[in-house]
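Summary of the model geometry
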Amino acid sequence: MLLAPSVGRCDGPRVASDVGRALGAATFLSVGALLSACQGGGEPLVVAYAAPQTGADRGETIRVQRLLEHYFEEVNRAGGVAGRRIELRIFDDRNEPQRAQEVAADVAESPAFGVIGHRRGVCSLAAGPIYAARGLPAITPSVVRTALVRENDWYFGSSLNVREEVLHGVAYIREAFAAETFSIVYVDIPELALASLQAVATATSAGLTVDARHALPSTLDRERVGEVVAALSSAPEEQPILLMTDLVSGSEVVRQLRDAGVDRPLLGSIVFASHRFHASFEGLDQTRIRPHYYTDGIHVLTPALIDMGSQKTTKFARWYAMTFRERPSIEGLLAADAAMVFVEAVRAVLSTDPNLDGPALRRAVRDWISKRGKGSAVEGVTGPVYFDEGGQRVRSAFLAELQGGRIISAPTQLRVLPRINRARDLPPGHDPDRVVRVGASTLYRTDIVYAGFKVHELGELDEERLSFEADLDMWFRHRAGIDGWNVQLLNASEEVVLGDPVEYIEQGGVEYRRFRIKSRFEADVIPAPYGRHTLGFALRHPYMTSDSMIYAFDFVGLDVGDGSRDRFQRFKEAQALLPPNSHWLVYDGVFFQDKLYDTTRGRLEADGHPAGRMGFSRLSFGVRVQRSDLSPRTLTPSKVATPTVLVAFLITLLLIGISRTGAGQRHLGVLWFLQVFFAAILLLASEKALGDMLSTLAPSYYQQAFSKLFGVLWWMVPALFIHVAIYRFLWLPIERESKRKVPSILSRMVALTIYLLAIFGVLAFVFDEKLTSLLATSGVFAMIIGLAIQINIANIFSGIAINMERPFRLGDWIMVHGRAPDPDQGIIGEVIDINWRTTRLKTTDNSVIVIPNAVISEKTVTNFMLPDEKSRFEQIFYLDYAVPHERGLEMIGRGLTAATKLDKGPLADPKPKVRVNAAAELGVEYLVRYWLIPRHVSPASARHAVTSSVLEALREHDLDLAYPRKAVRQVKSD
């Protein structure tokens with residue numbers, strides 16, 4: 001199942017609990033990228049790859065090159081080797097021996113400490129002596145010429161050699177095809193001609209008969225191929241044909257055999273599994289109808305198989321398939337094995353002597369490789385990698401069948417048992433009936449059981465119990481007569497009895513059984529990255545070891561696509577398996593075969609097995625899920641987590657130290673933001689680094705406890721920084737302005753509230769506890785405290801509101817209204833202080849009025865300084881009705897003009913104005929308006945100046961203000 005990552009719906013409370021993580025996620029990615037870019041300060045370590053960059057084999061070279069570059073990128077992202085990058089350099093040998101010698105000289109002159117190549121055996125033979133003379137180790141991932149590695153101590157072969165192909169070819173013809181006679185078709189070049197003779201001798205010693213040997217010229221001759229095909233057509237259809245040819249001649253033989261209707265079993269070397277072999281039939285009439293008409297059913301000998309590979313094999317194969325929408329080549333996987341050997345070798349020798357370079361480094365790498373044995377093998381993509389004394393990788397040849405463009409393992413496999421001459425020499429747990437002797441060699445027969453799965457439904461993951469329910473089909477296909485369907489489901493919560501199959505078919509000596517299973521399973525049977533889970537399944541046979549039985553994925557039955565479109569479709573199908581309201585999102589699929597070691601439990605067939613342990617083939621598959629809410633855990637790259645922890649920790653310590661210095665005290669605000677910034681990165685990186693480490697070392701329930709621990713930290717650390725922020729941005733400025741300490745009871749109550757809320761958050765979102773009772777208790781407690789200090793609290797919060805809203809500032813002239821908005825009934829003064837409890841005004845009589853913040857917040861306040869500094873004031877004068885109003889306006893206007901010239905008078909601009917406002921009982925009412933800046937001239941001073949100037953102007957013209965008069969009437973008495 002190939003799946004695509006995605007992000008689903010958002011769950012509010014879960015997002016809230018991840019706010020702290022989100023703070024550092026983006027920066028963590030940036031820091032990680034920077035660390036990755038900056039790692040490796042020394043000169044790069046160079047590995048050369050020699051292969052044709054032009055011609056017909058260019059496509060195969062590119063496929064190998066892609067895997068090599070991918071692997072080296074992974075190494076470099078993880079820090080390189082000894083702090084140095086690994087660099088791949090490409091050399092084009094054009095598949096020509098002469099050119100290969102020139103390339104070998106160029107590679108030897110380069111700084112390369114190892115070389116991977118060449119693709120053709122003749123090129124490797126031509127370049128080998130130069131590599132040996134210059135002391136440069138080389139590993140070839142292609143079919144190995146025996147003389148290449150036997151006669152050259154600096155060359156190693158990672159693939160099969162011709163002798164091994166002959167041995168396994170004859171053995172498979174006898175055991176897998178159950179044939180007594182077969183034909184050989186070979187290309188008439190010295191090595192293959194000799195190999196064909198070796199095949200005849202090996203067949204004779206195994207009791208087989210070679211019906212005929214047909215030679216083809218070294219260059220393609222279609223007429224000669226036609227003659228050979230005509231001869232092969234006369235033999236019985238069940239008689240196999242062993243093809244010992246190159247790709248070009250072999251393709252022509254296959255084409256003419258198929259066109260002639262000859263359906264004899266065909267067995268060839270790994271070259272018949274290449275992309276180029278399949279491409280050679282494109283465009284033919286038959287392939288337009290059936291794309292794989294010519295290739296389906298051909299058997300090949302291969303040094304590796306993806307469907308029987310380990311987790312590392314499937315990881316590389318799936319990455320390649322997803323990226324390039326085609327399967328990787330076996331040669332590419334073997335080249336990746338060679339690259340891993342070189343990386344582990346140079347890592348080992350540089351850890352002992354970091355100064356090794358040049359010829360000394362090359363020799364040290366070569367010596368390290370040659371000393372690898374079974375117990376110290378490098379775990380490569382296709383399995384353990386180590387070499388015998390002759391430089392040939394120790395491995396067996398697998399038999400595979402081409403089906404639908406894929407390489408599918410055959411149901412019977414043979415592997416070499418070295419140094420086994422008698423039945424009693426067999427390792428413990430091996431069945432003598434499975435021993436196959438071919439000439440002087442002893443092989444052991446292993447049955448392959450194809451297993452497939454189709455999940456109908458997955459239940460919601462229970463995070464507490466780490467389990468889920470599943471409904472699925474499981475089927476098995478294998479050779480008749482074995483109980484490959486008799487399996488144990490390793491992660492079933494209760495023992496699952498398969499019972500009778502819902503479908504059973506037997507055809508051509510092959511049995512097929514399908515079962516329907518509904519049960520509860522434990523999650524994370526396949527370890528998942530930290531913060532994620534695997535809803536998967538794992539099975540093994542109860543007593544057949546991996547030497548006798550291996551489980552392989554039925555890729556054809558599973559119909560696993562390679563392209564991105566197939567992957568997207570399978571993602572949708574996998575997501576639909578979860579409940580509609582699931583909190584989980586499928587982001588990937590995983591499947592692989594590996595070996596599970598278990599105790600022998602005293603079984604007789606395992607008597608004497610080393611350490612009482614036996615290896616069983618285990619098949620694992622599943623889907624990986626992550627929470628559907630956005631979490632930085634899913635965004636954080638693992639490869640740079642550890643160095644980021646170190647950098648963030650050191651910067652955090654540095655910031656703490658700076659904050660304690662005099663310069664730091666002056667920039668506490670900036671330092672606080674930086675501390676929050678790097679603390680978030682430190683927490684994020686620490687959780688990822690330690691979580692990933694724990695995920696490989698401890699069971700899932702320990703990871704759950706670890707996750708809860710960091711869940712607590714993600715609440716308490718922000719609470720700590722909020723506490724610090726309140727001190728730095730609130731209490732400290734208040735103390736500086738008021739020059740008084742904030743009462744400790746106040747600061748402690750605020751801190752207690754912050755940490756109490758954080759604890760509530762931990763209980764609710766980390767431990768999923770209900771807060772009803774706790775909130776009720778805390779409400780009563782808060783009510784008691786609030787009643788006790790309600791007056792001070794009102795003043796404090798009113799002061800906070802005044803500082804936030806800023807209706808007036810220090811230096812502003814304001815009027816706090818009394819019963820009415822009248823200066824005579826209000827308080828006018830300059831604001832000289834605003835502290836946490838009171839506001840202070842300085843009046844014109846040089847007195848200070850202290851007003852509680854709670855009081856002033858409830859009053860109407862006129863700010864004479866807003867919206868700008870100029871404020872308009874008004875005064876009223878009364879003149880007698882006997883004074884003409886034109887004369888009154890003129891005289892009062894003169895007084896206003898004179899007042900503007902005084903130091904404490906109103907502003908000349910805007911110009912003061914006077915107008916008749918009303919006819920009152922006292923006299924004619926004149927309204928005077930003028931402007932002033934209260935910060936420069938107090939309203940009282942301006943009022944004095946205006947009144948004095950107006951009175952002076954009136955006296956100069958013998959005018960007086962109106963005043964109340966009493967009419968006195970004398971009554972004369974009689």
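None of these values were measured; they are calculated from a predicted model.

What counts, and at which threshold
Residues numbered from 1 in each chain as written. Predicted model: local features only at pLDDT ≥ 70, side-chain atom pairs only at ≥ 80, totals over all residues. Heavy atoms only, no water. Helix = DSSP H or I, 4+ residues; strand = E, 2+ residues; numbered from the N terminus. Buried < 20%, exposed > 50% of the residue type's maximum accessible area, 1.4 Å probe, protein only. Contact = heavy atoms within 4.5 Å. Pairing = 2+ DSSP bridges. Axes fitted to C-alpha atoms, helices over the stretch in contact; angles between N-to-C directions. Right-handed = clockwise from strand over helix to strand, strands pointing away. pLDDT = per-residue confidence, 0-100.

Quick look at the environment of alanine 132 now. Tracing the backbone through its elements, the reader meets alanine 132 in helix α5 (residues 121–133). Look at alanine 132 and you get partly exposed, because its relative accessible area is 28%. When neighbours within four sequence positions are excluded, alanine 132 is seen to be in contact with Asn152 and Trp154.

In spatial order, the strands read β2-β1-β3-β4-β5; together these five strands make up an open sheet with parallel pairing. Two strands close off the open sheet at either side, each with one partner strand: β2 (86–92) and β5 (155–157). Within the sheet, the average angular offset between the axes of one strand and its neighbour, ignoring direction, is 25 degrees. Note: strand β3 (residues 112–117) against strand β4 (residues 138–140), two bridges, orientation parallel. From the neighbouring strand, isoleucine 116 faces β4, where its bridge partner is isoleucine 139. Helix α14 (residues 330–352) contacts β1 (45–51), β3 and β4 of the sheet and is inclined by roughly 165 degrees relative to β3.

Attention shifts here to the pairing of strand β6 (residues 181–187). In terms of burial, β6 is a largely internal element, six of the seven residues being buried. Sheet analysis places β6 next to strand β7 (residues 209–216), joined by seven bridges and oriented parallel. Note on β7: the bridge partner recorded for isoleucine 184 is arginine 213. Handedness of the β6-helix α8 (residues 190–205)-β7 crossover: right-handed.

Let us look at the sheet that holds strand β13 (residues 398–403). Across the sheet, which stays open at both edges, the seven strands sit in the order β7-β6-β8-β9-β10-β13-β14 with mixed pairing between neighbours. The open sheet has two edge strands, β7 and β14 (406–409), and neither has a second partner. Neighbouring strand axes in the sheet, compared pairwise and without regard to direction, differ in orientation by 30 degrees on average. Across two bridges, the pairing between strand β9 (residues 266–268) and strand β10 (residues 299–302) is parallel. Among the inter-strand pairings, leucine 267 is bridged to a residue of β10, identified as histidine 299.

Counted residue by residue, strand β23 (residues 549–553) has five buried out of five residues, so it is predominantly covered. Burial of the side chains of β23 extends over both faces: Met549, Tyr551 and Phe553 are buried on one face and Ile550 and Ala552 on the other. In this sheet, β23 lies alongside strand β17 (residues 441–458) in parallel orientation, the contact comprising five bridges. Note that in β23 the partner of aspartate 447 across the bridge is methionine 549.

In this section: the confidence of the model for the protein. Averaged over every residue, the pLDDT of the protein is 83; residues scoring 70 or more account for 84%. Predicted confidence in the protein is weakest over helix α1 (residues 12–17), with a mean pLDDT of 41, and strongest over β1, with 96. Note that pLDDT drops below 50 for residues 1–30; the model gives that stretch 88 contacts with residues more than four away or on any other chain. Every residue in residues 561–565 is under pLDDT 50, and counting partners more than four places away or in other chains gives twelve contacts.

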